[in-house]
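Each chain is listed here by its residues.
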Amino acid sequence: MSEQVESLIRQDYAAGFHSAIESDTLPPGLDEDVVRFISAAKEEPEWMLEWRLKAYRAWKEMDEPTWAHVHYPEIDFKSISYYSTPKSMKDRPKSLDEVDPELLETYEKLGIPLHEQEALAGVAVDAVFDSVSVVTTFREKLKEAGVIFCPISEAIREYPELVQKYLGSVVPQKDNFYAALNSAVFSDGSFVYIPKGVRCPMELSTYFRINELNTGQFERTLIVADEGSHVSYLEGCTAPMRDENQLHAAVVELVALDGARIKYSTVQNWYPGDKEGKGGIYNFVTKRGIAHDNASISWTQVETGSAVTWKYPSCILKGDNSVGEFYSVALTNNFQQADTGTKMIHLGKNTRSTIIAKGISAGRSDSAYRGLVRINPAAEGARNFTQCDSLLIGDRCGAHTFPYIENRNASAVIEHEATTSKVSDDQMFLCQQRGLDAEKAVSMIVNGFCREVFKELPMEFAVEAGKLLEVSLEGSVG
Amino acid sequence: MLQIRELVASVEGKQILNGLSLDIKPGEVHAIMGPNGAGKSTLGNVLTGREGYEVISGEVLFNGEDMLALDIEERARAGLFLAFQYPVEIPGVSNMEFLKAAVDARRSHMKQEELSSFDFMKLAREASKKVSLDAAFLKRGVNEGFSGGEKKRNEILQMMMLEPSLCVLDETDSGLDIDALQVVADGVNAMRDSERSFIVVTHYQRLLDYIIPDYVHVLANGRIVKSGDKELARELEAKGYGWLEGEVA
Ligand SMILES: Nc1ncnc2c1ncn2[C@@H]1O[C@H](COP(=O)(O)OP(=O)(O)OP(=O)(O)O)[C@@H](O)[C@H]1O
Ligand SMILES: [Mg+2]
């Protein structure tokens, strides 16, 4: 099969087109003035500007991390433009009818027809096009439930107490190099607040899309679930075909107060670069949640895109009986590299965490699982279960597992299972003998491998994720 | 239906089939017996186009067409089916999903309409009943955790769903208990008609009491060394392969 498997990849990236909407783009480079410009453009209060400047000053003193198992040319942070906005969006549209038709068309090409989305299963959409949130729907319905779901720039103006209280409370400005950068220059993103005891009446969904050449994208998402509330949040992305590498450094913070539940699902499909390894997005993300007493946070991610991924959605299990979950599928093909995993920090008593990580490598790609389970001395009765499976397609790719366990409490129970397997010739032959072509066979076998994670995804996402794997694997067998 | 002429084939540089000829007409059942390592499974693998099996010379015509020119999946869609001696597991892929994809591929090749999920489920349930597999097996991963006998019955289930025109059963009887043997034989017999042909590879005369073959061949040393009717199987059962010495090197 190796021969078969050698040749998986040739197909135009479905999302590979560059939309012709004009933008206001700031010249490349970063200094305090740029930070001030961004803050002013967003009409931010003084405290927010100070917060950003503090982050910027910290960032200036920090070095890029190099410990991840990824290799890429040095990023020239001076050549990046830190702000852009679609021109026709200066006045926010009140409804879809007011939205630039070309923009809508862009979404449609991506298979995200907003008109349908609105109707579809009551999903609210806060679409981020480049740096400005363009369309927000279903706001009224959410308002009835007392749910706040809006661009974070708006939240900073409208709900300053909430934002000031929680922004940076989980991922502080100085947390790491990219988080500091994001804190200084984040352009927009989503803000969610679910009041006490409220079950959010619909799944909240944001589609991200990187559009402007040379514009780093720095989203900031903050989700606060007040006591006893529930929310499920979906994040999905695609990006257009391009040559230059693009930096993406998002920060997502989740706060689950006592008894709250947050489920955060991601399908990430940014441009991975071409089959020679040229281009593609650099995806350096910081995602972290804090769970108070009896609260739970569940991260589910399907990562198929980006040239380089560096991402560890984590849970701080601060409260007693709090629960953290991480379900992940990371697929790399061609020259993609991914270093991804999670951190489960057990602080409270009887805290529980589950980690199911599935890595698929094809082509000449390289993927690493990096996971930390830390049990602090006070975390009496903590439990962790980790299962980490790698699937190799062909024999030029790599998979690595770096599990770190730091246990400081003797009562903790930590289980770790890891497997590495290959798509076998026998499985391929069985599928093909039953009439499936090689690509369909691989995608089916890979989908089967990911089943445990896919079943955690919301329905619509699960279907999308399956399709995504199929597209991402194209060309990995021939 | 199938004409194999002077087929010479090798695997890993080792020649296994040494000029094998066989002619199968529509509706016929041919049993192939022979000692371990004779090349029986190799024949199935070469016919189905498995990678690593290299045809050195000879030809294979399937419905008059050069079958060796086709890809594995093209042969399958054209109606060639192999029930595996050792069925593999595909974890996480449900039997149902797998069968649906296979049936869709076959039907689309035959320019038939795609079955609705409802019709498909109905057929799948009926078929699983026929091979005495509980419908719950349809939801399980392909062969995942199935017992040896269940795997073999699952092969027959797939065969029923795909309605192939030429079925190659490679030791489907081995590892089956008496009841399962009956189930498999019933399944095969129910599918016998004037169009569909079978190659039944077996070591045991017993199966041929249930599935009555039109011809019995002895494959040894990569060739058919003796052909006869079902009486040949009895003779082999009684005498072994020793009396064919010289043919069986
Ligand atoms: N993939 C392979 N690599 C190396 N040798 C092989 C391979 N496949 C078959 N052979 C060899 O070819 C010969 C014929 O094998 P084959 O499986 O066709 O025998 P068989 O007649 O089916 O035997 P059995 O009755 O034991 O199933 C054997 O010597 C076997 O070891
Ligand atoms: Mg055999």
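Criteria and cut-off values
Sequence positions are assigned chain by chain, starting from 1 and proceeding in written order. Naming scheme: in the order in which they are written, chains are lettered from A and ligands are numbered from 1. Local features are withheld for residues below a pLDDT of 70 in this predicted model, meaning they are given only at 70 or higher, and side-chain atom pairs are given and counted only at 80 or more; totals for whole chains, interfaces and linings count all residues. Calculated side-chain values reflect all of the structure's heavy atoms, with hydrogen atoms and water omitted. UniProt positions are given in the numbering used here, feature names are shortened, and annotations may be inferred rather than shown by experiment. Note on conventions: DSSP H or I runs of at least 4 residues are helices, E runs of at least 2 residues are strands, and numbering of each starts at the N terminus. The buried label goes to any residue with under 20% of its type's maximum accessible area, the exposed label to any with over 50%, and the partly exposed label to all in between, with areas taken from a 1.4 Å probe on protein chains only. Working rule for contacts: check all heavy atoms of both residues, and any pair within 4.5 Å makes them a contact. Exposure was quantified through the Shrake-Rupley algorithm and a 1.4 Å probe, taking into account, for residues, occlusion by the shown protein chains and nothing else. Criterion for a disulfide: a pair of cysteine sulfur atoms within 2.5 Å. Any pair of N or O atoms that falls within 3.5 Å is considered a polar contact. Within protein, one atom must be able to donate a hydrogen and the other to accept it, and sequence-neighbouring residues count only if both atoms are side-chain atoms. Strands were regarded as paired on the criterion that DSSP finds at least two bridges between them. Whenever a helix is involved, its axis is fitted only over the stretch in contact; in every case the axis is a line through C-alpha atoms, and angles between N-to-C directions fall within 0 to 180 degrees. What pLDDT conveys is the predictor's confidence in a given residue, as a value from 0 to 100. Among the buried residues, those of types Ala, Val, Leu, Ile, Met, Phe, Trp, Tyr and Cys that are joined through side-chain atoms within 4.5 Å form a nonpolar core. Nitrogen, oxygen and sulfur within 2.8 Å of a metal are treated as its donors, or within 3.2 Å for sodium, potassium and calcium (Na, K, Ca); water is not counted, so a site can appear incomplete. Buried area counts how much accessible surface, traced with a 1.4 Å probe, disappears from two parts once they are put together, with both parts' losses summed. A pair is scored as a salt bridge if a Lys or Arg side-chain nitrogen falls within 4 Å of a carboxyl oxygen belonging to Asp or Glu. Three residue categories are used. Nonpolar comprises Ala, Val, Leu, Ile, Met, Phe, Trp, Tyr, Cys and Pro, charged comprises Asp, Glu, Lys and Arg, and polar comprises the others, including Gly.

An unreviewed UniProt entry lists chain B under the name ABC transporter ATP-binding protein, with Pseudohongiella nitratireducens as the source organism.

Naming follows an unreviewed UniProt entry, where chain A appears as Fe-S cluster assembly protein SufB of Pseudohongiella nitratireducens. Database annotation for chain A, UniProt heading Sequence similarities (unreviewed entry): "Belongs to the iron-sulfur cluster assembly SufBD family."

Trainee: Sorry, what's going on with the overall build of chain A here?
Mentor: Looking only at helices and strands, chain A features 13 helices and 23 strands. The proportion of buried residues among the 478 residues of chain A is 64%. A separation of at least 24 residues holds for 85% of the contacts in chain A among residues at least 6 apart in sequence. Carbon and sulfur atoms provide 49% of the accessible area of chain A, an area that totals close to 17,500 Å².

Trainee: Honestly, the state of the cysteines in this entry has me stumped. Any pointers?
Mentor: Simply put, the disulfide is a covalent bond whose two ends are the sulfur atoms of two cysteines. Residue and element names in this part refer to chain A. One pass over the structure, following the stated rule, counts zero disulfides over all chains. Here Cys-431 stays free of any disulfide, with the sulfur of Cys-450 as its closest cysteine sulfur at 15 Å. The class of Cys-431 is buried, set by a relative accessible area of 0%. The cysteine Cys-450 is free of any disulfide, with Cys-388 supplying the nearest cysteine sulfur at 13 Å.

Trainee: How should the UniProt feature "domain: SUF system FeS cluster assembly SufBD N-terminal" (unreviewed entry) in chain A be read in this particular structure?
Mentor: As recorded in UniProt, the sites labelled "domain: SUF system FeS cluster assembly SufBD N-terminal" (unreviewed entry) are residues 143–200 of chain A. Here residues 143–200 of chain A runs as 45% helix and 16% strand, with 10 Å between its end C-alpha atoms.

Trainee: Would you take a moment to explain helix α9 (residues 177–185) of chain A for this structure?
Mentor: Along an α-helix, residues three or four apart share an orientation, since each turn contains 3.6 residues. Residue and element names in this part refer to chain A. Counting buried positions along α9 gives nine out of nine residues, so the element sits mostly inside the fold. All buried positions along α9 are accounted for by Phe-177, Tyr-178, Ala-179, Ala-180, Leu-181, Asn-182, Ser-183, Ala-184 and Val-185. The residue sitting at the N-terminus of α9 and contributing the capping side-chain oxygen is Asn-176; that oxygen lies 2.9 Å from the backbone nitrogen of Tyr-178.

Trainee: What am I meant to see in the sheet that holds strand β9 (residues 166–170) of chain B here?
Mentor: Within a sheet, each strand pairs with its neighbour through backbone hydrogen bonds, oriented either parallel or antiparallel. Residue and element names in this part refer to chain B. Taken in spatial order, the six strands line up as β6-β9-β10-β3-β11-β12 in an open sheet, and their pairing is mixed. Each having just a single partner strand, β6 (80–83) and β12 (223–228) make up the two edges of the open sheet. Averaged over all adjacent pairs, the angle separating strand axes in this sheet is 20°, with direction ignored. Sitting on the sheet, helix α8 (residues 230–239) touches β3 (29–33), β11 (215–220) and β12, and the angle it makes with β11 is about 45°.

Trainee: I would appreciate a short explanation of the confidence of the model for chain A in the present structure.
Mentor: Low-pLDDT portions of the prediction should not be read for the details of their coordinates. Residues and elements named next belong to chain A. Per-residue pLDDT for chain A has a mean of 81; in total, 77% of the residues score no lower than 70. Averaged pLDDT values for the elements of chain A fall to 33 in helix α1 (residues 2–6) and rise to 98 in strand β16 (residues 314–317). This model gives residues 115–136 a pLDDT under 50, and the stretch forms 100 contacts once residues within four places in sequence are excluded.

Trainee: When you look at the pairing of β6 of chain B in this model, what are you seeing that I'm missing?
Mentor: Look at any regular strand and the pattern is simple: side chains alternate between the two faces of the sheet. Residue and element names in this part refer to chain B. Neither face of β6 is left uncovered, since the one carrying Leu-80 and Leu-82 and the one carrying Phe-81 and Ala-83 both have all their residues buried. With four bridges connecting them, β6 and β9 associate as parallel partners. Within the sheet, the bridge partner assigned to Leu-82 lies in β9 and is Val-168.

Trainee: I keep staring at the nonpolar core and nothing clicks. Help me out?
Mentor: Inside soluble globular proteins, nonpolar side chains tend to come together where they are buried. Residues Val-446 of chain A together with Leu-2 of chain B are the most contacted members of the largest nonpolar core, which totals 66 residues. The greatest single-element share of this core, amounting to seven residues, is contributed by helix α11 (residues 438–449) of chain A. Setting aside its immediate chain neighbours within four residues, Leu-2 of chain B contacts Leu-22, Asp-23, Ile-24, Leu-47, Val-60, Leu-61, Phe-62, Met-67, Leu-166 and Ile-199 of chain B. Formed by 53 residues, the second largest nonpolar core is a distinct cluster that contains Val-70, Leu-167, Leu-181 and Val-224 of chain A.

Trainee: Just to check I follow, could you spell out unusual backbone geometry for this structure?
Mentor: With the exception of glycine, the majority of residues adopt a negative phi angle, and the majority of peptide bonds are in the trans configuration. All names here are of chain B. The backbone of Lys-111 sits at a positive phi, close to 60°, despite the residue not being glycine. Mapped onto the secondary structure, Lys-111 falls in the loop between α3 (95–109) and α4 (117–130). Residue classification places Lys-111 among the exposed positions, given a relative accessible area of 75%. Non-glycine residue Glu-171 carries a positive phi angle of around 50°. With respect to the secondary-structure elements, Glu-171 resides in the loop between β9 and α6 (178–191).

Trainee: I'm lost on the pairing of strand β13 (residues 280–291) of chain A in this one. Help?
Mentor: All names here are of chain A. Buried residues dominate β13, accounting for 12 of its 12 residues. Two elements, strand β11 (residues 251–256) and β13, share six bridges in a ladder whose sense is parallel. The residue of β13 that forms the bridge with Glu-253 is Arg-288. Note: β13 against strand β15 (residues 308–311), four bridges, orientation parallel. Following the sheet pairing, Asn-283 is matched in β15 by Thr-309.

Trainee: I would appreciate a short explanation of the coordination of the magnesium ion (ligand 2) in the present structure.
Mentor: Reference values for angles at a metal are 109.5 degrees in the four-donor tetrahedral case and 90 or 180 degrees in the six-donor octahedral case. Coordination of the magnesium ion (ligand 2) by the protein comes from Ser-41 of chain B (OG) and Gln-85 of chain B (OE1), over a distance range of 2.0 to 2.3 Å. Of this pair, Ser-41 of chain B sits in helix α1 (residues 40–48) while Gln-85 of chain B sits in the loop between β6 and β7 (90–94), and the two are 44 residues apart along the sequence.

Trainee: How should the interface of chain B and chain A be read in this particular structure?
Mentor: Contacts between the two partners involve 29 residues from chain B, matched on the other side by 22 residues from chain A. Together chain B and chain A conceal approximately 2,200 Å² of surface at their shared face, both sides included; 61% is due to carbon and sulfur atoms. Looking at the side of chain B facing chain A, the largest losses of area belong to Arg-50, Glu-51 and Val-88 of chain B, adding up to 22% of the total buried there. Our enumeration of links across chain B and chain A arrives at three salt bridges. Glu-155 of chain B is paired through a salt bridge with Arg-434 of chain A; the nearest N and O atoms lie 2.7 Å apart. Counting only elements with at least two residues in the side of chain B that touches chain A, the list comes to α1, α2 (72–77), β6, β7, α3 and α5 (148–162) of chain B. Residues belonging to the side of chain B that touches chain A are distributed by class as follows: 17 nonpolar, five polar and seven charged.

Trainee: Explain the sheet that holds strand β5 (residues 65–66) of chain B to me, please; I cannot follow it from the model alone.
Mentor: All names here are of chain B. What the four strands build is an open sheet, ordered β2-β1-β4-β5; its pairing is antiparallel. Bordering the open sheet on either side are β2 (14–24) and β5, each of which pairs with just one other strand. Most of the contacts of α1 go to strand β1 (residues 2–11), to which it runs at about 105°, and overall it touches β1, β2 and β4 (53–62).

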